[in-house]
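Listed below, chain by chain, are the residues.
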Amino acid sequence: MRSLALLLATATLAAAYDNGHRDIYHDNYGQDLRRRNIVYDGHIADSYDFVVVGGGTAGLAIASRLSEDSNTTVLVLEAGDTGDAVADSIICPPILLAYVGGGDRAPSPQRATEAHRTRATAGGHCQTRFAFSPRLVSTPLTSFPDVPVNAYYSGLPGTSYDWQYTTVKQPNAGNRVLPWARGKVLGGSSAMNGMYTVRPSKIEVDAWAGLIDSGSDKWNWDALFTNMKESEKFTPPSSDVQATGNIKYDAASRGTSGPVHATYPGYMVPIVGNWTTTLADIGVAVANDAYGGEGWGAFIASSSINPSNWTRSYSRSAYIDPLPPRTNLAVLPNATVTRILFDNSNKNNLTATGVEWAASANADRQTVKVNKEVILAGGTIGSPHVLMLSGVGPADVLKSAGVDVKLDLPGVGQHVQDHISTQVTWKTNAQTANSLRAQNLAAGSGNSPAFLSFINSATAYVNVTDLLGFDFAPQFRQQVADALPSALATVPSKSDEVKKGYQALYNTTLNTLLNSPVGLIEILLSLTGAPASDGSNTIGIQAALQHPFSHGQIYITSSDPFTPPAIDPQYLSHNADVVILREGLKLVRKIGNTAPLSGVMGDEITPGPSVQSDDDWDKWLANVVGTEYHPSCSLAMLPRELGGVVDADLKVYGLANVRVADASVFPIQFSAHLQAPVYGLAEQAAKLIRATYNGVGWPSANQSSGNASASGSSSSDAPKPTAGNQQQDQNGAASMRASLGLAFASVLAALLL
């Protein structure tokens, strides 16, 4: 009855939605996508049990799980559009996502434009064979729903689907302003990232759990591992791809029935097969199972690709699109949250009563009431931004921006950490993914979806002894220990609590991570880079800093919610980061000059033979380093006396009913791409919340999810209900009545909407 009441109480917000919805469309089967719980006309109810702020990687996962309880109402407010109009740029793995920068770097708007011109001249109707797929057919790509060939070589960075954030000038990185692309679309950055599915290591996750009170059973490795598996549906590579790429994996460490697909590309460039052999020859361990808690050494990573159609698997396609109509779930795009509203009667424990939002800077502000909780899932930038706009954060920052201080919480926006990277590039006469694509287009033969699913995946995480050797590594650790007093002076906060937190994180990195096999540098092989100036094919190998000692901040400069916050990661402000990244780049050069990989390498293009000394490397990298787009830690899960913002239950200190569930709560960076741990975090967050309100208590961290095996690999597979779904599992008769009620409500919804 509650879902029916929700429909009957629906408030018309068309006036506030005066910009309309740019992305309304019908899919190739003529199905109106409103049936998938996305609100296209601005009509929502006046109150919901849970309001999720941000429809990104974590937000949509949490909303899907919470709405499994049919008597719970859930609203998602997403600032970006649905992505429907650019679905092909999202779901088709763009081969240029990892261009010269490698990793998660997306193509620049200029490169995307060049790629668009290239594909436009090749004609729009490409006859192709699925030469690398089990289904060998000859068919035009345009006949496949949502997979037109024109979409494969352009991504979303630099478009209106990107927040287009930038940092403040970075004095230790050439005094440059650097881009921080983040997804402004349903699915968030999972709709535009490089699709790497890489997990952190047990050592790192247990170090996180050790930093917080009462967190060992909720955030240790066993708990996160269980939840990462529950989010995942792993499909092994074909035998040909496995042999070509020299891929090793252990299926026992992977999920089998989760909503997010993970697999290997449908085609493997032969050079990849030289990767692990080359790394082994220089003494880097080869991982037999990088997903079971020991994510170091060299391996071939899986990616978030749906092997049934070789498309991107991301939070919307995984957690929302497959759902049947749920009248207790509403996902509202084009709704920027401007602030959270509080009942101030208890100054020590403010209660959120509503969320204010607007369709645009010029639109009227609207308010939706909150019955139970607000869940912030706006990401490392968005979530602290909303808190500060709401009057929760460092008092000096809020006052300077003209925001009334509701709660002085100095850790908001602090402890910001990011992965930074650059690469060494060589000319090559060998075939790369980019050259093979160009040849196919020039021949008029097109490129199959299986071929175009190729994404850079040859990876290695190297530790301090791999970088510095057994002799110098202890000396380096001592130098880092001695540098703590001067490092504390770089903390961008006046708060003693925040400085104590930095010291705790510093010592954890120094004493736990630097003394372990955990990677300090990620090394990635890039086979998708643009040709050299003389037309030669290129190969790049990237080095990316994983555990920075340089921490920064995110802060507001205005009370206007449509003014972006200032982002200052303080790149390379600690000399240890310079040393680690420099030694990583030296190792990259060594890898490129080691057989068998060296057999396909030509002349080094960048930085070139003129860069030899440590000083040469330091000067060069400062002017070329950029982000891997993995920011985290801005609302760190730490004790409040250490500048923490959330506790082990993800609840914001001093707020009765506001939680945060996204990458901002990680207190330390991981040697991993963040997508997989964020999905695991979201699954765990949903369990915590449901246990709170379902009266079932907190489940064991090792409890089986109870998920049934998925019926197939189709993108239409709906997420299987988790074990926390008590209301629907306890009484079969009640479930039947609820189903009948939902069916009736669905008919009414069709009439109302």
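Structural notes, computed from the coordinates. (Residues numbered from 1 in each chain as written. Predicted model: local features only at pLDDT ≥ 70, side-chain atom pairs only at ≥ 80, totals over all residues. Heavy atoms only, no water.)

Some points on the overall build of the protein chain
And step 1. Helix and strand counts for the protein chain stand at 22 helices and 30 strands.
And step 2. Within the protein chain, the fraction of its 753 residues that count as buried is 63%.
And step 3. Expressed as a percentage of contacts within the protein chain between residues at least 6 apart in sequence, the contacts between residues at least 24 apart total 76%.
And step 4. Of the roughly 25500 Å² that the protein chain leaves accessible, carbon and sulfur atoms contribute 50%. (Helix = DSSP H or I, 4+ residues; strand = E, 2+ residues; numbered from the N terminus. Buried < 20%, exposed > 50% of the residue type's maximum accessible area, 1.4 Å probe, protein only. Contact = heavy atoms within 4.5 Å. Areas by Shrake-Rupley, 256 points an atom, 1.4 Å probe, with all protein chains shown as cover.)

Remarks on empty space enclosed by the protein
And step 1. A complete count under the given rule lists 6 cavities of 30 Å³ or more for this structure.
And step 2. Counted as a void, the largest cavity has a volume near 80 Å³.
And step 3. Lining of the largest cavity is provided by Thr197, Arg199, Met228, Ser231, Glu232, Val260, His261, Ala262, Gln675, Ala676 and Tyr679.
And step 4. When residues of the lining of the largest cavity are traced back to their parent elements, those giving at least two are strand 11 (260-262) and helix 20 (675-694).
And step 5. Across the lining of the largest cavity, the residue classes tally to 5 nonpolar, 4 polar and 2 charged. (1 Å grid on protein atoms, 1.4 Å probe; cavity = no way out; pocket = protein on both sides within 12 Å on 5 of 7 lines; lining within 4 Å. Points joined across faces, edges and corners; volume = space filled by probe spheres on them. Nonpolar A, V, L, I, M, F, W, Y, C, P; charged D, E, K, R; others polar.)

Section: the pattern of salt bridges
And step 1. One pass over the full model with this rule turns up 22 salt bridges.
And step 2. Of the charged contacts, one joins Glu583 and Arg582 as a salt bridge, the two residues approaching to 3.4 Å between their closest N and O atoms. No difference in accessibility class separates Glu583 from Arg582, as the two residues are buried.
And step 3. Arg582 is the salt-bridge partner of Asp618, the closest N and O atoms lying 2.9 Å from each other. With a gap of 36 residues between them, Asp618 in helix 19 (residues 614-622) and Arg582 in helix 18 (residues 575-592) connect regions that are remote in the sequence. Summarising the burial analysis for this pair, Asp618 and Arg582 share the class buried.
And step 4. Because the salt bridges share partners, they merge into one network encompassing Arg65, Glu68, Asp69, Glu683 and Arg690. (Salt bridge = Lys/Arg side-chain N within 4 Å of Asp/Glu carboxyl O.)

Quick word on the packing of aromatic side chains
And step 1. On inspection of all chains with the given rule, the structure shows 15 aromatic pairs.
And step 2. Between Trp208 and Trp219, the aromatic rings sit 5.3 Å apart at their centres with planes inclined by 20°, giving stacked as the arrangement. You can see Trp208 sitting in helix 5 (residues 202-210) and its partner Trp219 sitting in helix 6 (residues 216-219), a full 11 residues away along the chain. Side by side, Trp208 and Trp219 carry an identical accessibility label, which is buried.
And step 3. Summarising the aromatic geometry, the rings of Trp221 and Phe225 are spaced 5.0 Å apart at their centres and angled 15° between planes, so their arrangement reads as stacked. With a gap of 4 residues between them, Trp221 and Phe225 both fall in helix 7 (residues 221-230), about one helical turn apart.
And step 4. Three or more aromatic residues link up through ring pairs in this structure, and these residues are Trp208, Trp219, Phe666 and Phe670.
And step 5. One cation-aromatic arrangement involves Lys184 over Trp163; the distance from NZ or CZ to the ring centre is 4.6 Å. (Phe/Tyr/Trp six-rings, centres within 6.5 Å; stacked < 30°, edge-to-face > 60°. Lys NZ or Arg CZ within 6 Å of the ring centre and 35° of its normal.)

Observations concerning the environment of Thr425
And step 1. Note that Thr425 resides in strand 22 (residues 420-428).
And step 2. What makes Thr425 buried here is its relative accessible area of 8%.
And step 3. For the pair Thr425 and Ser526, spaced 101 residues apart in sequence, the C-alpha to C-alpha distance is 9.1 Å.
And step 4. Of the polar contacts made by the side chain of Thr425, one reaches the side chain of Thr606; its length is 2.6 Å. (Polar contact = N/O pair within 3.5 Å; in protein donor to acceptor, adjacent residues only side chain to side chain.)

Side note on helix 20
And step 1. Taking 1.5 Å per residue as the helical rise, helix 20 with its 20 residues ought to reach 28 Å, and the 28 Å between its terminal C-alpha atoms agrees with that figure.
And step 2. The buried fraction of helix 20 amounts to 18 of the 20 residues, a majority that puts the element mostly inside the structure.
And step 3. Looking one or two places after helix 20, you find Gly695, whose phi comes out positive at around 70°. (Expected span 1.5 Å × (residues − 1).)

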